[in-house]
Amino acid sequence: MLKYFYKLYFQYRIDDSLTSTFGIGYFTTLKKAKEMIDVYSVKTGFKDFDKSHFHIDKRGVWFDDDNVNKEEIDIYELSCEKQIDDDVYEWADFGVFSSYDKAEHEKKSQEKKRAYRTAEFFIDKWQPDKDLEWSEGFNGIDG
């Protein structure tokens, strides 16, 4: 069964060619994700930008029928980082999965592709509505 989650992330332009993007968390409803924008918009670093720098993506995750209705669900995000230049890195996001094994399977598939042979892959476990990143804020563009 397909279940939807909402990924909240923040993005700002460092200069003409570089953008910084970082994930904040996954939420079970769009309303909860939007409420978290209000919470984060007053924190250090975030408050230096208007709310248009927050973004929400709707992500579908396939679950086995016996796992979809659990009270606490873990999801697994697969991404990678690849060095492009001395201080320039490119991130790629390959989706969200219902188990570590499913994310690992997709990782093996992506590692075979020429574009990602030198990339470092990450499988991050998230508990929607609970796991939050950057809760203390960040140092912004000056720090």
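Above this note sits the structure.
Residues numbered from 1 in each chain as written. Predicted model: local features only at pLDDT ≥ 70, side-chain atom pairs only at ≥ 80, totals over all residues. Heavy atoms only, no water.

Regarding the sheet that holds strand β4 (residues 75-85)
In any sheet, the strands associate via hydrogen bonds between backbone groups, in a parallel or an antiparallel arrangement.
Phase 1 of the analysis: Reading across the sheet, the three strands line up as β5-β4-β6 and stay open at both edges, with antiparallel pairing between neighbours. Either end of the sheet is taken by a strand with one partner, and the two such strands are β5 (88-97) and β6 (120-126). Neighbour-to-neighbour, the strand axes of the sheet open up by a mean angle of 25 degrees, direction not taken into account.
Phase 2 of the analysis: Relative to β5, β4 runs antiparallel, the two sharing nine bridges. Within the sheet, the bridge partner assigned to Glu77 lies in β5 and is Val96.
Phase 3 of the analysis: Set on the sheet, helix α2 (residues 100-111) makes contact with β4, β5 and β6; between it and β6 the angle comes to about 165 degrees. (Pairing = 2+ DSSP bridges. Helix = DSSP H or I, 4+ residues; strand = E, 2+ residues; numbered from the N terminus. Axes fitted to C-alpha atoms, helices over the stretch in contact; angles between N-to-C directions. Contact = heavy atoms within 4.5 Å.)

Considering the pattern of salt bridges
Where side chains of opposite charge bring their charged atoms close, a pairing between them can arise.
Phase 1 of the analysis: This model, assessed by the stated rule, comprises eleven salt bridges.
Phase 2 of the analysis: Sharing partners across several salt bridges, the network here consists of Lys7, Asp57, Arg59, Glu77 and Asp93. (Salt bridge = Lys/Arg side-chain N within 4 Å of Asp/Glu carboxyl O.)

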